[in-house]
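Residue-level structural notes
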Amino acid sequence: MSDTPFGFGLPPEEPDDGDEGKKKDQQSGGGQGPANPFGFAFPGAGGSGADNPFAAMFGSMNPTDLGAAFQQLGQMLSYEGGPVNWDMAKQIARQTVSQGTADGTKDASVGPAERTAVEEAVRLADLWLDDATSLPSGAGSAVAWSRAEWVEATLPAWKELVDPVAERVGGAMGDILPEEMQAMAGPLIGMMKSMGGAMFGQQIGQAVGVLAGEVVGSTDVGLPLGPAGKAALLPINVDAFGKDLGVGKDEVRLYLALREAAHQRLFAHVPWLRSHLFGAVEGYARGIKVDTAKLEDVVGQFDPQNPEELQQALQQGMFQPEDTPEQKAALARLETALALVEGWVDAVVHAAAKPRLSSADALRETLRRRRATGGPAEQTFATLIGLELRPRRLRDASRLWASLTDARGVDGRDALWAHPDMLPTASDLDDPDGFVHREQLDFSELDKMLGEAAGGSTEKPDLKKGGSTEKPDLKKKDDDTE
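Numbering of residues starts from 1 in each chain and follows the order in which that chain's sequence is written. Since the coordinates come from a predicted model, pLDDT governs what is reported: local features require at least 70, and pairs of side-chain atoms require 80 or more to be given and counted, while whole-chain, interface and lining totals use all residues. Just so you know, side-chain values use all the structure's heavy atoms and leave hydrogens and water out.

Brief notes about the overall build of the protein chain
Selection rule: Each helix is a run of DSSP H or I of at least 4 residues and each strand a run of E of at least 2, with the numbering of both proceeding from the N terminus. The buried label goes to any residue with under 20% of its type's maximum accessible area, the exposed label to any with over 50%, and the partly exposed label to all in between, with areas taken from a 1.4 Å probe on protein chains only. Two residues form a contact once any of their heavy atoms are found within 4.5 Å. In these tables, accessible area is a Shrake-Rupley quantity obtained with a 1.4 Å probe, and a residue counts as shielded only by the protein chains included in the view.
What the protein chain contains, in helices and strands, is 20 helices and 4 strands. Expressed as a percentage of its 482 residues, the buried residues of the protein chain come to 50%. In the protein chain, the share of contacts with a sequence separation of at least 24, taken over all contacts with a separation of at least 6, comes to 80%. Accessible surface, the protein chain as shown: approximately 21,900 Å² in total, 51% of it carbon and sulfur.

Side note on the pattern of salt bridges
What counts, and what does not: Here a salt bridge means any side-chain nitrogen of Lys or Arg lying within 4 Å of a carboxyl oxygen belonging to Asp or Glu.
Tallied over the full model, the rule gives 21 salt bridges. With a closest N to O distance of 3.0 Å, Asp-131 and Arg-356 form a salt bridge. A residue pair is termed long-range when its members are at least 10 positions apart, and Asp-131 in the loop between α4 (112-129) and β1 (141-144) and Arg-356 in the loop between α13 (325-353) and α14 (360-372) qualify at 225 residues. Residue classification places Arg-356 among the partly exposed residues on the basis of a relative accessible area of 34%.

Brief notes about the packing of α13 against α14
Angle between the axes and distance between the axes: these two values describe a pair of packed helices. Condition: Axis definition: a line fitted to C-alpha atoms, over the contacting stretch in the case of helices. Angles run 0 to 180 degrees between N-to-C directions. Throughout this description, any angle smaller than 35 degrees is read as roughly parallel, any larger than 145 degrees as roughly antiparallel, any in the 65 to 115 degree range as roughly perpendicular, and the remainder as oblique. Here is the rule for handedness: rotate from the far helix to the near one, and if that takes an anticlockwise turn smaller than a right angle the crossing is left-handed, while a clockwise turn gives right-handed.
The N-to-C vectors of α13 and α14 enclose an angle of 165°; their axes lie 10 Å apart at closest approach. For the element pair α13 / α14, the angle class is roughly antiparallel. Along this stretch, α13 crosses α14, giving a crossing that reads as right-handed. Counting all contacts with α13, which are made through Glu-342, Asp-346, Ala-347, His-350 and Ala-353, the residues of α14 involved are Ala-360, Asp-361, Arg-364, Arg-368 and Arg-371.

Topic: α14
Since the α-helix advances by 3.6 residues per turn, residues separated by three or four positions end up pointing in the same direction. Which entries qualify depends on this criterion: Multiplying 1.5 Å by the helix residue count minus one yields the expected span of that helix. Of all possible arcs, the one meant is that of the directions from the helix axis to the C-beta atoms.
Along its 13 residues, α14 runs 18 Å from first to last C-alpha, staying within 8% of the 18 Å computed at 1.5 Å per residue. Of the residues making up α14, those classed as buried are Ala-360, Leu-363, Arg-364, Leu-367 and Arg-371. Along the axis of α14, the buried residues cluster in a sector spanning 100°; they form a single face.

Remarks on the packing of α4 against helix α9 (residues 249-269)
Selection criterion: When residues are grouped by polarity, Ala, Val, Leu, Ile, Met, Phe, Trp, Tyr, Cys and Pro land in nonpolar, Asp, Glu, Lys and Arg in charged, and all others, Gly among them, in polar.
Look at α4 against α9: their axes get within 8 Å of each other, and the N-to-C directions meet at 65°. Note on packing geometry: the crossing formed by α4 with α9 is right-handed. Contacts between α4 and α9 involve Ala-117, Val-118, Ala-121, Val-122, Leu-124, Ala-125, Asp-126, Trp-128 and Leu-129 from the former and Arg-253, Leu-254, Ala-257, Leu-258, Ala-261, Ala-262 and Arg-265 from the latter. Taken together, the residues that form the contact of α4 with α9 break down as 13 nonpolar, no polar and 3 charged.

What to know about the packing of aromatic side chains
Note the threshold: Any two of the Phe, Tyr and Trp rings considered here, Trp counted by its six-membered ring, make a pair once their centres fall within 6.5 Å; the pair's planes then place it as stacked at under 30 degrees, edge-to-face at over 60, or tilted in between. Note on geometry: a ring has a charge over it if NZ (lysine) or CZ (arginine) is within 6 Å of the ring centre and within 35 degrees of the ring normal.
Tallied over the full model, the rule gives 3 aromatic pairs. With a centroid separation of 6.4 Å and an interplanar angle of 90°, the aromatic rings of Trp-344 and Trp-417 are classed as edge-to-face. Note that Trp-344 is positioned in helix α13 and Trp-417 in the loop between α16 (392-414) and α17 (426-430), a separation of 73 residues in sequence. This pair shows no difference in class: Trp-344 is buried, exactly as Trp-417 is. Connected via pairs of aromatic rings, a cluster forms that spans Trp-272, Trp-344, Trp-401 and Trp-417. The side chain of Arg-274 reaches across the aromatic face of Phe-278, ending 4.1 Å from its centre.

A short note on the environment of Asn-237
Our working rule: Throughout this description, a polar contact denotes any pair of N or O atoms lying within 3.5 Å of each other; where both atoms belong to protein, one of them has to be capable of donating a hydrogen while the other can accept it, and for residues adjacent in sequence the pair is counted only when both atoms sit in side chains.
Checked against the element boundaries, Asn-237 lands in helix α8 (residues 235-241). A relative accessible area of 2% places Asn-237 in the buried class. Placed 23 residues apart in sequence, Asn-237 and Glu-214 show a C-alpha to C-alpha distance of 6.2 Å. Other than its neighbours up to four places away in sequence, Asn-237 contacts Arg-147, Ala-212, Gly-213, Glu-214, Val-215 and Val-216. From its side chain, Asn-237 meets the backbone oxygen of Ala-212 in a polar contact 2.9 Å long.

Remarks on the nonpolar core
The line we're drawing: Here the nonpolar core consists of buried residues drawn from Ala, Val, Leu, Ile, Met, Phe, Trp, Tyr and Cys, with membership extended through side-chain atoms lying within 4.5 Å.
Among the nonpolar cores identified, the biggest contains 91 residues, and Trp-150, Leu-273, Leu-277, Trp-344, Trp-401 and Trp-417 are the most heavily contacted of them. For this core, the element with the highest residue contribution is α13, accounting for 13 residues. Formed by 5 residues, the second largest nonpolar core is a distinct cluster that contains Val-165, Tyr-284, Ile-288 and Ala-330.

A few points about the confidence of the model for the protein chain
Stated precisely, the cut-off is as follows: What pLDDT conveys is the predictor's confidence in a given residue, as a value from 0 to 100.
Overall, the prediction assigns the protein chain a mean pLDDT of 74, with 57% of residues at 70 or greater. Low confidence marks residues 1-60, where pLDDT is under 50. Its contacts with residues over four positions away, or in another chain, come to 137 contacts. In this model, residues 457-482 is a region of pLDDT below 50 whose contacts with residues beyond four sequence positions or in other chains number 48 contacts.

A few points about the side chain of Arg-147
The condition that has to hold: Note on charges: Lys and Arg go in the positive column, Asp and Glu in the negative column, and His and the chain ends are not counted at all.
The residue Arg-147 is located in helix α5 (residues 147-175) in this model. Buried charge Arg-147 goes without a salt bridge, the closest partner of opposite sign being Asp-107 at 4.8 Å.

Structural notes on the side chain of Gln-264
Looking at the secondary structure, you find Gln-264 in helix α9. A distance of 3.0 Å separates the side chain of Gln-264 from the backbone oxygen of Lys-230, its partner in a polar contact. For Gln-264, the residues in contact, after removing those within four places along its chain, are Gly-138, Ala-139, Ser-218, Thr-219, Gly-229, Lys-230 and Ala-231.

Put into structure tokens, the structure is as follows:
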């Protein structure tokens, strides 16, 4: 990656063996980019301040490379797909992965010994979790991924998350032209939308590629990014995570396997949860207002001789969340849902690990600090959809789930996942004791009436079976818990 990573320039050549992290020497420079890798600039041999950015892009190329570069440029401008050029995003993400991380760690294919270690860690983690939650195992298989494999496996989920806000930006680019000119400027609008798809493709590819160098599994951002039923760990990143902790490699791997397996249980046996989370992200994204004035200024005042100005302008952001009750509610719903997922996993994993791992407390605190200091998840969300998470809510949610376990037991706690309306709200996170000791409503009579009216069975879903047999009784008297 060049010092001023990604912009409107062309991506470098795809390495022959990117999965193993062995790339050809790039004349555009190496190393990991700056702290904010999501800006737009002209990469090239001359650096971001080159007087002639086009010479910087093409001057060092031989005729064969130059022809390939123009072919890629033509493909970019002729793109007619959705709001994001996902082919470009995938290519750039893999190239970013192949360049390695800031500490010089290169990607590598996962060997048989590492795959076996991950499979055994997930298997043992599932045994330990049986005592800590009523939800059964959700991992049909355990896989060990390289960084490049993580990119391939998670791109479908990123597409679902990013396309809604990309559509708004793409539409805003077409709206920049005066209304009376839009009818006559069809080809120009089409080219602008193609450029918009390329811009998002570059930005997302870079973001996902950087994130692949830091995540340890498929659920680091609190969302199920990988295929359903696959508990995944990235051995190279697991090793990097535990490098300076003074904890044995096996313990680190096992603790992270516990977290991955706990996420898998939750998403596998709470069937509405994935759509609830992704719907909340989409609802928030669709309420974002694109600052068309800033976008118009950036496009209208673009000076090819000073590409760094364009980078600075776009890094300031084009997203303005609407200050409406609906948008505030969407944001609160998303933040609370993510906090409840992460808080439940934190509480369940701690209960499973504490009696068995001497390093459980240290590893728990390390992961909490990693999230609270604005880790990869927060940075990626903020860049791609203008959303910044609130890690403060994670500790609140973890305390609430732990209190619920003490008051109602494992079954009573996990039964709250039966329906989204039964979960704690944002205000409940502020007053966990009030929620824990609040007498739960008894829905049995209402359920019976509804079942009789429908002429069907009155049996409710059983979370333990992940099916539709019997719903746990949530009514819990205070006398039983004190």
